[in-house]
Structure formats: C-alpha cells, structure tokens
Amino acid sequence: MQAIAITSVHQRQYSETFIHNHVDYLPYDVHYLYGGYLPYFMPNGQKLLPKVPIVAYNFLKPQLQQQISNYFQHFEIAAVVAEYGPCGLEMLPICEALNIPLLVYFHGYDIYRADMIRKYLHRYQALFAGASCLFAVSKEMAVRLIELGAPSRKVILNPCGANLELFNYHDAGKNEPIVFTASRFEETKHPEAVIKAFALVLEKVPNAKLRMAGTGSLMPKCRRLVSRLGINKSVTFTGVLRPVEVCDEMAKARLFAQHSVTTRSGEKEGAPVAIMEAGASGLPVVSTRHAGIRDIIAEEETGYLVEEGDVAGMAYFMEELLTDSQKASSMGLAAHKRIKQHFSLDKNIKIICQYIEQLMV
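About the cut-offs
- Residues numbered from 1 in each chain as written.
- Predicted model: local features only at pLDDT ≥ 70, side-chain atom pairs only at ≥ 80, totals over all residues.
- Heavy atoms only, no water.
- Helix = DSSP H or I, 4+ residues; strand = E, 2+ residues; numbered from the N terminus.
- Buried < 20%, exposed > 50% of the residue type's maximum accessible area, 1.4 Å probe, protein only.
- Lys, Arg positive; Asp, Glu negative; His and termini not counted.
- Salt bridge = Lys/Arg side-chain N within 4 Å of Asp/Glu carboxyl O.
- Contact = heavy atoms within 4.5 Å.
- Phe/Tyr/Trp six-rings, centres within 6.5 Å; stacked < 30°, edge-to-face > 60°.
- Polar contact = N/O pair within 3.5 Å; in protein donor to acceptor, adjacent residues only side chain to side chain.
- Axes fitted to C-alpha atoms, helices over the stretch in contact; angles between N-to-C directions.
- Parallel < 35°, antiparallel > 145°, perpendicular 65-115°, else oblique.
- Left-handed = near helix turned anticlockwise from the far one by under 90°.
- Nonpolar A, V, L, I, M, F, W, Y, C, P; charged D, E, K, R; others polar.

Overview of the side chain of Asp295
Inspection of the secondary structure puts Asp295 in helix H11 (residues 293-296). Although Asp295 is buried, it makes no salt bridge; Lys139 carries the closest opposite charge, 4.6 Å away. Excluding residues that lie within four positions of it along the chain, Asp295 makes contacts with Ser138, Lys139, Arg338 and Phe343.

Rendered as structure tokens:
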C-alpha cells in the first residue's frame, strides 16, 4: 500500500472532522504529522525533535525540516496533502527537494482573513507555482484562489463531504420542535444571531427548544445573552460532542440552524461540513447566503437562506419549519438526496484519490 502524509496544525480538533475524515478514510498508509504549520509531531505522538522543547522549534526550522525530510524518505512517502495554505507553504520546500507531489487544501480563513493575506500572499505565489494541486471547498473559494494568482488548471473544486455511513436519513417532520446547531462559538459562526432568532420563534412556538453544540470564545457571551432574554429553560448548551453524538442530536431535531457571517477581518467559511451532515440526516437547514453554504443549500428546496445579519428572516423560516411538519419532511428528504448526490465524504475521497493517483504515476 502506498504511503502518503497529511499535515495540519491540530491533532484532533473537534471542529475539523473534515481533516479527521481524510486521515481515516483515504485508502493509503496515511502518516498524519501535526502540531504547527511545519509539524512538530509524528503520527505516534512523539516529537520530531525529541530532545528539544516545543517552544524552541521556531528557532530550529532547518533541523525540523531535515527531520521531516528524513521521515518522508524512511517511510517512502509518495504524496503529501497539506491541510490549509500555510501548512502547504511549509511543506513546499521539502516536497520540492524530494520531488514529492504536494496537494494543498484551502478551507477558509487561510485565503480570506486580512492578516493572513497580508502575511502570506506573496509567499502563496510560490505555493501556487510549486504545488501539484490546489483544492477549494466552494465555488467562491475557487474563484478567490484564481484571483489571488493560482493557475486555474490547478484549482480543483472538491468540498469536504458528509459521512453517509454515520449520518443517516430521518424524517424530520416527525420530530419535536427542536432547533439544533453544531459549530465553534466564534465570530464567523455568529451564534448570537441564532439565539436572537430563536427568542423570536418562542413568541409563536413556546414549546420549541434550541440545542447548541460546541464551544469557543463567544460561549460566555452567548450564555449571558440567553439569560438576558429569559430563555434559559428553552436553550441547552451541550458542549463539545463526538460525531456519533452529533448524529444522535440531528436524528431528534426538526431543523438545523447556522448564521455564518463575514467577520470584520474578512474571514469567511469554506463549505461547512456540519450543514452537509444535517442535510444527510434529513434536516432542512436555515442559514445565510454566505460562501460555500450557497453551494450546499438549494433555496426553498432543501432549506432557507437569509442575508447575513437578518435575524428576523431567520426566525421567520425557523418558525415555518417548526410549525409545518410536512414541509420539514419534504425539505429534509430533498436535502438528504442532494447531499448524497453532491456532498458525500465518499465523493470527496474519490476526487482526492484521483489526483493522488495521477501524480504518483
């Protein structure tokens, strides 16, 4: 079996299931190196520079690069998949020296956030020239990469997908009036908007419930907002959930809600996998016309989209789906079919494999 390497910053970040899926499902001998844009750790959790404190790694970049190069040669790594642009930048000189194909996955903040562009844009030009393949997870992101200087022939649209073996279809119309959301509590997800919209929904649907999974820097603010609105009894913060627990929550909900926005720094989403997982589970989605979400949701067929910041609009559509079980059922079924056809993990993996196989010939 051919050996490949995947590199990224985090080992098992709960919000990066798309990276976990690449590690777990690509049909190769996958070596996952992680811990920094230039990785610090080997797959077994041991440091690449075992006798050096992690805080000193930034001062020993040449030694770390050499260790990674030695590792790739020892295990005969045939291709490298770098998750996020800055990881690709750090892997580029190593891959070029060893003549190993480099495939780079862009996911969002790496090409949208203003500070990232200021810091890396000039270096991205070398990455665009040297990488073998540049994966974009949304149509908007593919356009963005080309605008930044990437050759169009190298830019491949390949959204990360929902694991259909885990996220199975359920008839959402038969469920209680539960709104579920699963995301990081960070600015780009704008969880406060979901809470404010839900508070409006409660005026018309007093037995509705909101269940919010995840954590992040905005969690304290969101808890205070729920208390200030007096809706504590109707809102549950579940904390971080394992994928199988997210699956269970989706099987019990009537709809999935997410209010993604462009942040003050210019950061945007890629194509949120949680929205794909919700659709795979048979849930209609209420979200925003934001980045790759517009690719995933067929408006008025598999869910509803509102403009960023439109809390009242989000509340209106949430109320509609919570009170019209037939519409929730029909939209949820259409969502499941759409995800199965266009946004499955299986399709995502097959496209990655297609390009890896071409490059390893």
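Brief notes about the packing of aromatic side chains
A full pass over the atoms with the stated rule returns 17 aromatic pairs. On the basis of an interplanar angle of 70 degrees and a centroid distance of 6.5 Å, the ring pair of Tyr71 and Phe72 is categorised as edge-to-face. Take Tyr71 and Phe72: they sit in the same class, and that class is buried. Ring pairing ties together the aromatic residues Tyr37, Phe106, Tyr120, Tyr124 and Phe128, which thus form one cluster.

Thoughts on the side chain of Asn158
Within the fold, Asn158 resides in the loop between strand S6 (155-157) and strand S7 (178-182). At 3.3 Å, the side chain of Asn158 and the side chain of Asn348 are in polar contact. For Asn158, the contacting residues outside a window of four places in its chain are Tyr105, Phe135, Ala136, Val137, Lys347, Asn348, Ile351 and Ile352.

A short note on the packing of helix H7 (residues 191-204) against helix H8 (residues 219-229)
Where H7 contacts H8, the two axes come as close as 10 Å, and the packing angle between them is 15 degrees. Between H7 and H8, the angle falls in the class roughly parallel. In the crossing of H7 with H8, the sense of the turn from one axis to the other is right-handed. Packed against H7, whose contacting residues are Pro191, Glu192, Ile195, Lys196 and Ala199, the element H8 presents Lys221, Cys222, Leu225, Val226 and Leu229 at the interface. Split by residue class, the contact of H7 with H8 holds 7 nonpolar, no polar and 3 charged.

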